[in-house]
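Observations on the model geometry
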2 protein chains.
Amino acid sequence: MVHGAMGERSKYDLVMRLALERGFFMPSSEIYGDAPAGFWDYGPLGVALKNKFIELWRRELVKRDDMLEIDGAQILSKNVFRASGHLESFVDPIAKCGKCKAIYRLDKLIEERTGIHVPERASLEDMRKLVEEHGIRCGRCGGELTDFSHFNMMFRVGVGVAGLDAYLRPETCQSIFIDFLRIYKTMRRKLPFAIAQVGKSFRNEISPRQGLLRMREFYQAEIEVFFNPRKANDFPKADPILDYKLRLQPIGEDSVKDVSCRDALESRLISSKLVAYYLALIQQFYEKAGIPREKIRLRELDEDERAFYAAEAWDLEVETSLGWIELVACNNRGEHDLGGHERLSGQEMTVLDDGERVLPNVFELSMGIDRSLYCILENSIYLVNNRIILKLPPYLAPIQAAVLPLLSKEPFKSEAMRIYRSLKQDFDAVYDASGSIGRRYARYDEIGVPVDITIDHQTLEDRTVTVRFRDSTIQLRVEESDLMNFLRDHVKIR
Amino acid sequence: MVHGAMGERSKYDLVMRLALERGFFMPSSEIYGDAPAGFWDYGPLGVALKNKFIELWRRELVKRDDMLEIDGAQILSKNVFRASGHLESFVDPIAKCGKCKAIYRLDKLIEERTGIHVPERASLEDMRKLVEEHGIRCGRCGGELTDFSHFNMMFRVGVGVAGLDAYLRPETCQSIFIDFLRIYKTMRRKLPFAIAQVGKSFRNEISPRQGLLRMREFYQAEIEVFFNPRKANDFPKADPILDYKLRLQPIGEDSVKDVSCRDALESRLISSKLVAYYLALIQQFYEKAGIPREKIRLRELDEDERAFYAAEAWDLEVETSLGWIELVACNNRGEHDLGGHERLSGQEMTVLDDGERVLPNVFELSMGIDRSLYCILENSIYLVNNRIILKLPPYLAPIQAAVLPLLSKEPFKSEAMRIYRSLKQDFDAVYDASGSIGRRYARYDEIGVPVDITIDHQTLEDRTVTVRFRDSTIQLRVEESDLMNFLRDHVKIR
């Protein structure tokens, strides 16, 4: 269905142009020259798309799995990040040009210049050697690189008149760990169960780039599953998904294969039923969000790539014109989180599980929302006869229906306005009377409106309206009295 | 309906106890001793209540009035706050005890000790005189007050390796002003129209206090109406609300009177139809949110109380056990915002309005979400026979239905679980089999669940369930096949 010569790279440009011209998102503070990079604002269509994506996440993950959702403060105390390890380890290696003072992220610079992959845990000394061996110098002025150091990516804030150290959270999940005990007790749960959270996180990236893909302030949706490590296979909830096929790329493989959860467990590609179940849930979620199966993969990370505390790690990635993009990090974090907070706070974090005292282990699904939205937009955008059609699933469409009088005169306008008013509080609807009807169809195809409702001559006679479908351009007549039910059914999550 | 001797003050305690024990909200980082005051986390019930409150706001204000909603970055550049005046003026007067170094917010300290109201615009010198005249000293050690100064309440963050000055927004609305032009153009609007935003704001309060009432990190829902100041009375949208009665307390009056919008306009209590219309909308919103009319007032602020740029200012306040609490500041901000950004950015902010070039004026409805939730909880909480019943409107209830097997054994449990599973993705439902049925009713009355669905002996025979209503305790039988429709109708916004 893609017509015209649209190069892969241009798909990114196409999404960005649509985003800016139609109000999906835009750089923040753009009227000012001192606006720092890596901050973006969602416009009206972006807000609606994001809210619907979060609703889908809530329905298909949180509610489906009976998770508990919390919403914690974004500014947390210093001890939280001392315990989590962020104060010490949440750092990027950097170097400065001795001449023009440009600052570089060292590992990325080395990778760009040499093609050599720098492991997460490489030391500054390792990197200094690579810089010397390959004669890497400043890309701007050719100056020598100096001041090799680690830069902590958390944003510090001073609280109170005395300016007590606190930090903007670099991930939402810390609130889940520090609130774990109270939630466990007040909500009367047993292991295994999950706590979820959606909200902003903040990272002082050295080189933010590419729109929503690497931001300094961004939305995450994180899920932390608490479980008894001796019972990760005693997990009957997994039974209904055992035949579901995961898109796996295990360590050492260079292609993706469809493997049922059952086979992946039997061949020990996946360590436990619990992990298989949550990998299935997250893959199913992205299929519902409109990403074609064949563009999804669950790539296992080798030791070099994964965090030091992770015993098992899978990244859910989606293929785009910019390559595979990581959308969800799925990590078995073991005892790292509750253990760390237990040691520093002195607050015992164990719970009773069928008579056994357990320090719960954590399996995490850490999702980037903004980049998910980018991938959904890129996968939905089509050029047909040089016009954009945004083929979003109807339940993700920012605007669900455009109500259009066929002619911009009475009585069409009043009738259309009356119908619009009857719909607008229950649906995301828009009224538009300006321009030819064909031009208006195109205007709403471009932003993914799944149905246009036209009030025409026949409406005045028999109280039916013309409904036109975005993807097929098929038109049919619907009774005005049936419009609410028709729309509700059409935008329902399936 | 209130039984038992519940003092007014104890209502606050009752809400706080319920919040902590049942997971509405809790202090953030509470396991650590270094947790700064004024930060709170929402637990599962709090998240659900907040989301439903925001949905109501979206429906009854944003969609009803065809507003545009955006979601901007929380960290904004220094120039934004230079233009807005926050860098210079968003300050609180403070003083330090020369002996024990305790820090006081000066205006509040003077008011507490003397009962004298210190105007917003009082100088440090004015306050120093009051301190001397009344012999005010440190409340902790009796030491002399010193170091009179102004403290800026914005949280600074340093962006990038160089630590470029930026700030966490102290109000959400600045994004709306700096994005105004792009939104205006991309969304093809004409004056008057409104842009809305919901999100976090941050203020480094000197003395955060009283749970959700004065926080350092809090949720706002702000609406900025852009209009041509010469046309604030040329506003046909106001016609349908002219007979609606506002609860007004104008300047100089010490009681509230019911005045129709029409009468308020004729007697010039309110300056324009535009202002009357939005005051009506915001009052209607709180009535829908379950606050009784007689506990709402719109209090006009005199010159001493209102911001220097505000030509007209009304606070929507709600009466609680702690007195009247300000929930929404309704301000005519004139040209202050767009004018300020136009001057500093050099970006012309005027738009064409029927051929006339206009710098739009702004009427603002700035709502505090957290404190609104507190007021809703306090107004919904009842003690009946020494048990709490939380009489939330059904559409605000965090959990909409509890599904309960009459007996904790088969086949009741499986049947109840089956019904729970059929409901849980479309509703906020819970399944509970533990304890006597009476105890479970009480457990769910306490957190405001509007209906309990019991699976009993008759269910097994004729596929009907017992539905029990929280407020009336009336029970009736509903066909299982009709349960979805019944629930949908019961939790619908009315």
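Residues numbered from 1 in each chain as written. Chains lettered and ligands numbered in written order. Predicted model: local features only at pLDDT ≥ 70, side-chain atom pairs only at ≥ 80, totals over all residues. Heavy atoms only, no water.

1. Some words on helix α2 (residues 44-63) of chain A
- Its 20 residues place the ends of α2(A) 27 Å apart at the C-alpha level, agreeing with the 28 Å of an ideal helix rising 1.5 Å per residue.
- Burial runs high along α2(A): 18 of the 20 residues are buried. (Helix = DSSP H or I, 4+ residues; strand = E, 2+ residues; numbered from the N terminus. Expected span 1.5 Å × (residues − 1). Buried < 20%, exposed > 50% of the residue type's maximum accessible area, 1.4 Å probe, protein only.)

2. Considering the nonpolar core
- If you look at the biggest cluster of nonpolar residues, it comprises 91 residues, and the most contacted ones within it are W57(A) and Y286(A).
- Ranked by the residues each element gives to this core, the list is headed by helix α10 (residues 273-288) of chain A, at eleven residues.
- Counting residues in each nonpolar core, the second largest holds 90 residues, with V15(B), F227(B), F235(B) and Y286(B) among its members. (Core = buried A, V, L, I, M, F, W, Y, C linked by side-chain atoms within 4.5 Å.)

3. Considerations on the environment of A329(B)
Residue and element names in this part refer to chain B.
- Tracing the backbone shows A329 in strand β16 (residues 323-334).
- On the basis of relative accessible area, A329 is assigned to the buried category, the value being 13%.
- Residues A329 and D315 lie 14 residues apart in sequence; the distance between their C-alpha atoms is 4.7 Å.
- With sequence-adjacent residues up to four places away left out, A329 is seen in contact with W314, D315, E364, L365 and S366. (Contact = heavy atoms within 4.5 Å.)

4. Side note on the side chain of S380(B)
Residue and element names in this part refer to chain B.
- Positionally, S380 belongs in helix α12 (residues 369-380).
- There is a polar contact of 2.7 Å between the side chain of S380 and the backbone oxygen of I376.
- The contacts of S380, once residues within four sequence positions are left out, are I389, L390, K391 and L392. (Polar contact = N/O pair within 3.5 Å; in protein donor to acceptor, adjacent residues only side chain to side chain.)

5. Some thoughts on the packing of aromatic side chains
- Counting across every chain of the model gives 36 aromatic pairs over all chains.
- With 5.7 Å between their ring centres and 55° between their planes, Y12(B) and Y374(B) make a pair best called tilted. Of this pair, Y12(B) sits in helix α1 (residues 8-22) while Y374(B) sits in helix α12, placing them 362 residues apart in sequence. Like Y12(B), the residue Y374(B) is buried in the burial classification.
- Judged by centre distance (6.1 Å) and plane angle (65°), the rings of F469(B) and F486(B) are edge-to-face. Here F469(B), found in strand β25 (residues 464-469), pairs with F486(B), found in helix α16 (residues 483-490); they are 17 residues apart in sequence, far enough to count as distant.
- The class for F469(B) is buried, based on a relative accessible area of 17%.
- Aromatic rings pair up to connect F177(A), F180(A), Y184(A), F193(A) and F226(A) into one cluster.
- The ring of Y382(A) is capped by K11(A), whose NZ or CZ atom sits 5.8 Å from the centre of that ring.
- The residue whose ring lies beneath K391(B) is Y382(B), and the NZ or CZ to ring-centre distance is 5.0 Å. (Phe/Tyr/Trp six-rings, centres within 6.5 Å; stacked < 30°, edge-to-face > 60°. Lys NZ or Arg CZ within 6 Å of the ring centre and 35° of its normal.)

6. Things to note about a negative patch on the surface
All names here are of chain A.
- A contiguous patch of negative charge on the surface is contributed by E120, D302, E303 and D304.
- Here D304 shows up in the loop between β14 (296-300) and β15 (312-320).
- Accessibility expressed as a relative area gives 37% for D304, which makes it partly exposed. (Patch = residues over 30% accessible without salt bridge, like charges linked within 9 Å, V, L, I, M, F, W, Y side chains within 5 Å. Areas by Shrake-Rupley, 256 points an atom, 1.4 Å probe, with all protein chains shown as cover. Salt bridge = Lys/Arg side-chain N within 4 Å of Asp/Glu carboxyl O. Lys, Arg positive; Asp, Glu negative; His and termini not counted. Charge placed at Lys NZ, Arg CZ, Asp CG, Glu CD.)

7. Overview of unusual backbone geometry
All names here are of chain B.
- For the peptide bond that leads from L191 to P192, omega is -15°, which places it in the cis range.
- Residue position: P192 is located in the loop between α8 (180-186) and β10 (193-202).
- Look at the link from E410 to P411: it is a cis peptide, with omega at 0°.
- Tracing the backbone shows P411 in the loop between β22 (401-405) and α13 (412-423).

8. So, the interface of chain B and chain A
- Across the boundary between the two partners, chain B contributes 84 residues, which contact 84 residues of chain A.
- Together chain B and chain A conceal approximately 7,000 Å² of surface at their shared face, both sides included; 53% is due to carbon and sulfur atoms.
- Inspection of the region where chain B meets chain A yields twelve salt bridges.
- Our count for the contact surface shared by chain B and chain A stands at 46 residue pairs in polar contact (both at pLDDT 80 or more).
- A total of eight residues in the side of chain B that touches chain A trace back to one element, the largest contributor, which is helix α2 (residues 44-63) of chain B.
- Broken down by class, the residue content of the side of chain B that touches chain A amounts to 37 nonpolar, 19 polar and 28 charged. (Buried area = accessible area lost by both parts, 1.4 Å probe. Nonpolar A, V, L, I, M, F, W, Y, C, P; charged D, E, K, R; others polar.)

9. A look at the relation of the copies chain B and chain A
- The two copies are related by a screw motion: chain B maps onto chain A through a turn of 180° and a shift of 0.0 Å along the axis, at an RMSD of 0.0 Å. Look at the turn and shift together and you get a two-fold axis relating the two. Rotation axis and chain B: the residue whose C-alpha lies nearest the axis is V157(B), separated from it by 3.0 Å.
- Most of the interface of chain B is mirrored in chain A, where 100% of its interface residues again form contacts. (Least-squares fit on C-alpha atoms with pLDDT ≥ 70 in both.)

10. Some details on the packing of α2(B) against helix α10 (residues 273-288) of chain B
All names here are of chain B.
- The contact between α2 and α10 brings their axes to 10 Å, and the two run at 140°. It follows that α2 is oblique to α10 by the angle criterion. In terms of crossing hand, the pair formed by α2 and α10 is right-handed. Together, F53, L56, W57, E60 and L61 of α2 and L281, I282, F285, Y286 and K288 of α10 make up the contact between the two elements.
- When grouped by side-chain class, the residues that make up the contact of α2 with α10 number eight nonpolar, no polar and two charged. (Axes fitted to C-alpha atoms, helices over the stretch in contact; angles between N-to-C directions. Parallel < 35°, antiparallel > 145°, perpendicular 65-115°, else oblique. Left-handed = near helix turned anticlockwise from the far one by under 90°.)

11. Observations regarding helix α11 (residues 336-345) of chain B
All names here are of chain B.
- Taken together, the buried positions of α11 are H336, D337, L338, G339, G340 and H341.
- Against the buried residues of α11 lie α3 (78-84), α7 (173-178), α8, β11 (217-227), β16 and β19 (361-368).
- Of the residues one or two after α11, G346 is the one with positive phi, at around 75°.

12. What to know about the confidence of the model for chain A
- Here chain A averages 94 in pLDDT, and 98% of its residues register 70 or above.
- Predicted as a complex, the structure gets a pTM of 0.95 and an ipTM equal to 0.95. (pLDDT = per-residue confidence, 0-100.)

13. Here we look at the environment of E317(B)
Residues and elements named next belong to chain B.
- In this fold, E317 is placed in strand β15 (residues 312-320).
- Taking the C-alpha atoms as reference points, E317 and L168, 149 residues apart in sequence, are found 27 Å from one another.
- Setting aside chain neighbours within four positions, we find E317 in contact with K295, I296, R297, R299, W324, I325, E326 and L327.
- Here the side chain of E317 touches R297 through a polar contact of 2.6 Å, side chain to side chain.

14. Here's the deal with the pattern of salt bridges
- Taken as a whole and judged by the stated rule, the model has 94 salt bridges over all chains.
- A salt bridge links D66(A) to K424(B), with the shortest nitrogen-to-oxygen separation between them at 3.2 Å. Linking D66(A) in the loop between α2 and β3 (68-70) with K424(B) in the loop between α13 and β23 (429-431), this pair reaches from one chain into another.
- A salt bridge links K200(A) to E217(A); its shortest N-O distance comes to 2.7 Å. Of the two residues, K200(A) sits in strand β10 (residues 193-202) while E217(A) sits in strand β11 (residues 217-227), which places them 17 residues apart along the sequence. As far as burial versus exposure is concerned, K200(A) and E217(A) are alike and both buried.
- Through salt bridges that share partners, R59(A), E60(A), K288(A) and D426(B) make up one connected network.

15. A short note on the sheet that holds strand β5 (residues 91-97) of chain B
Residues and elements named next belong to chain B.
- The three strands lie next to each other as β6-β5-β7, forming an open sheet whose pairing is antiparallel. On the outer flanks of this sheet lie β6 (103-105) and β7 (145-152), each paired with one strand and no other. Here the strands of the sheet are splayed against their neighbours by 30° on average, with no regard to which way each runs.
- With six bridges joining them, β5 and β7 adopt antiparallel strand pairing. In the sheet register, C97 faces β7, and the bridge partner there is L145. (Pairing = 2+ DSSP bridges.)

16. Observations concerning the side chain of R58(A)
- With respect to the helices, strands and loops of the structure, R58(A) is situated in helix α2.
- Those residues in contact with R58(A) that lie beyond four places of it in its chain are K63(A), E69(A), V198(A) and N51(B).

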